[in-house]
Amino acid sequence: MSFAQEGRQKLVLGYPEVVLDLHEDQLFLDKGLILDKLESKGLIGEQYTYGQVDFDAIEQYLESLSEVKSVKVYNEIGSNWQIYVTLRQPIARLFNLNGSSCYIDKDGKLMPLSDHYTAHVLTINGYVNETDMTKEVSHVINNDSLKTIEILDDLYFISKYVCSDKFFSSQITHVYVNSKGEFEFIPRVGRQRILFGDSHHYEGKFKKLKVFYTEGLAKAGWGKYDTINVMFKNQIVCSKR
């Protein structure tokens, strides 16, 4: 056994196979870039042996990258080894009051912009100032005092609903947040301003808005109204152009 172990330590592994799990075309990191990063850190090399490769250090380094959600490193019998990398999935891009910008991802975590890729997602601006990259929606939701002063949870719920709904993801391209924390949507088709209000009962508001789009505007015409207001319970108030 000791001879076998000694032989394994001297086995040349070479470069790993990188397998990427990503959403659609959101390629924040490609396989070549990941290998370059690992090699520049001295974690891999063409002639590296099994004994020279620190699998835990590779996982820890890749998981520290802002684009990465999770990493698993596998070594099979022989010199074949793989790195499985799951990339984070942004659902909206936030434009802050101070001029900075970041993403909010599907898990409710803030994510800095990438030097390698720009995601085509819902954009949000206005009275938004999310600059702390350590902040997560779960921290806000589970803290009653934070829920009253933070808007991150509202941004997340609205973005996630739009992103997960086929109709709204193609129709709503931009969101403006006013000083009261109320949302205004800018649609892709039509020139209406959609006054959504705050995030309270947001699912019901979205359902009401979809019914109006599919049944109301389909009959009245997309250019008839200037504003569509779904802020009020059980009704939609529109103003004509």
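Presented here is a report on the structure given in the accompanying data block. Given the structure is predicted, the values throughout are model-derived calculations rather than measurements. (Residues numbered from 1 in each chain as written. Predicted model: local features only at pLDDT ≥ 70, side-chain atom pairs only at ≥ 80, totals over all residues. Heavy atoms only, no water.)

Considering the overall build of the protein chain
(1) Moving on: Looking only at helices and strands, the protein chain features eight helices and twelve strands.
(2) Moving on: Here the protein chain has a C-alpha radius of gyration of 24 Å; the compact-globule value for 241 residues is 18 Å, and the former is much larger.
(3) Moving on: With respect to the principal axes defined by its C-alpha atoms, the protein chain has extents near 85 × 40 × 30 Å.
(4) Moving on: For the protein chain, the proportion of its 241 residues judged to be buried stands at 41%.
(5) Moving on: Residue pairs in contact within the protein chain that sit at least 24 positions apart in sequence constitute 53% of those at least 6 positions apart.
(6) Moving on: When the accessible surface of the protein chain is summed, it comes to about 13400 Å², and 49% of that surface belongs to carbon and sulfur atoms.
(7) Moving on: Mean positive and mean negative side-chain charge positions of the protein chain (28 and 32 charges, respectively) differ by 12 Å. (Helix = DSSP H or I, 4+ residues; strand = E, 2+ residues; numbered from the N terminus. Rg over C-alpha atoms; globule rule 2.2 N^0.38 Å. Buried < 20%, exposed > 50% of the residue type's maximum accessible area, 1.4 Å probe, protein only. Contact = heavy atoms within 4.5 Å. Areas by Shrake-Rupley, 256 points an atom, 1.4 Å probe, with all protein chains shown as cover. Lys, Arg positive; Asp, Glu negative; His and termini not counted. Charge placed at Lys NZ, Arg CZ, Asp CG, Glu CD.)

Concerning the pattern of salt bridges
(1) Moving on: One pass over the structure, following the stated rule, counts seven salt bridges.
(2) Moving on: One salt bridge connects Glu150 with Lys135, and the closest N-O pair in it is separated by 3.2 Å. With Glu150 in the loop between α5 (144–149) and α6 (152–164) and Lys135 in the loop between β7 (122–126) and α4 (137–141), this residue pair connects regions lying 15 residues apart in the sequence.
(3) Moving on: What makes Lys135 buried here is its relative accessible area of 17%.
(4) Moving on: Between Arg193 and Glu184 there is a salt bridge, with the nearest N and O atoms lying 3.0 Å from each other.
(5) Moving on: Through salt bridges that share partners, Glu130, Lys135 and Glu150 make up one connected network. (Salt bridge = Lys/Arg side-chain N within 4 Å of Asp/Glu carboxyl O.)

Description of the packing of aromatic side chains
(1) Moving on: In the structure shown here, the tally under the stated rule is 16 aromatic pairs.
(2) Moving on: For the pair Tyr161 and Phe168, a centre-to-centre distance of 6.4 Å together with 55 degrees between the ring planes defines the contact as tilted. Side by side, Tyr161 and Phe168 carry an identical accessibility label, which is buried.
(3) Moving on: Taken together, a centroid distance of 4.8 Å and an interplanar angle of 35 degrees make the contact between Phe185 and Phe196 tilted. Residue Phe185 is located in strand β9 (residues 183–187), and its partner Phe196 is located in strand β10 (residues 193–197); the two are separated by eleven residues in the primary sequence. Judged on exposure class, the residue Phe185 and its partner Phe196 are both buried.
(4) Moving on: In textbook terms, an aromatic cluster arises when at least three aromatic residues are bridged by ring pairs, as seen for Tyr156, Phe157, Tyr161, Phe167, Phe168, Phe185, Phe196, Tyr202, Phe206 and Tyr213.
(5) Moving on: In this structure, Lys205 is placed above the aromatic ring of Phe196, and the distance from its NZ or CZ to the ring centre is 5.3 Å. (Phe/Tyr/Trp six-rings, centres within 6.5 Å; stacked < 30°, edge-to-face > 60°. Lys NZ or Arg CZ within 6 Å of the ring centre and 35° of its normal.)

Some points on the sheet that holds strand β1 (residues 17–21)
(1) Moving on: A sheet is described by the order of its strands in space; here three strands give the open sequence β1-β3-β2, paired in mixed fashion. Pairing within the sheet leaves two strands with one partner each, and these edge strands are β1 and β2 (68–75). Pairwise comparison of adjacent strand axes, ignoring direction, gives a mean angle of 15 degrees for this sheet.
(2) Moving on: Relative to the sheet, helix α2 (residues 31–40) contacts β1 and β3 (81–87), its axis offset from that of β1 by approximately 125 degrees.
(3) Moving on: Running at roughly 165 degrees to β2, helix α3 (residues 55–63) makes contact with β2 and β3 of the sheet. (Pairing = 2+ DSSP bridges. Axes fitted to C-alpha atoms, helices over the stretch in contact; angles between N-to-C directions.)

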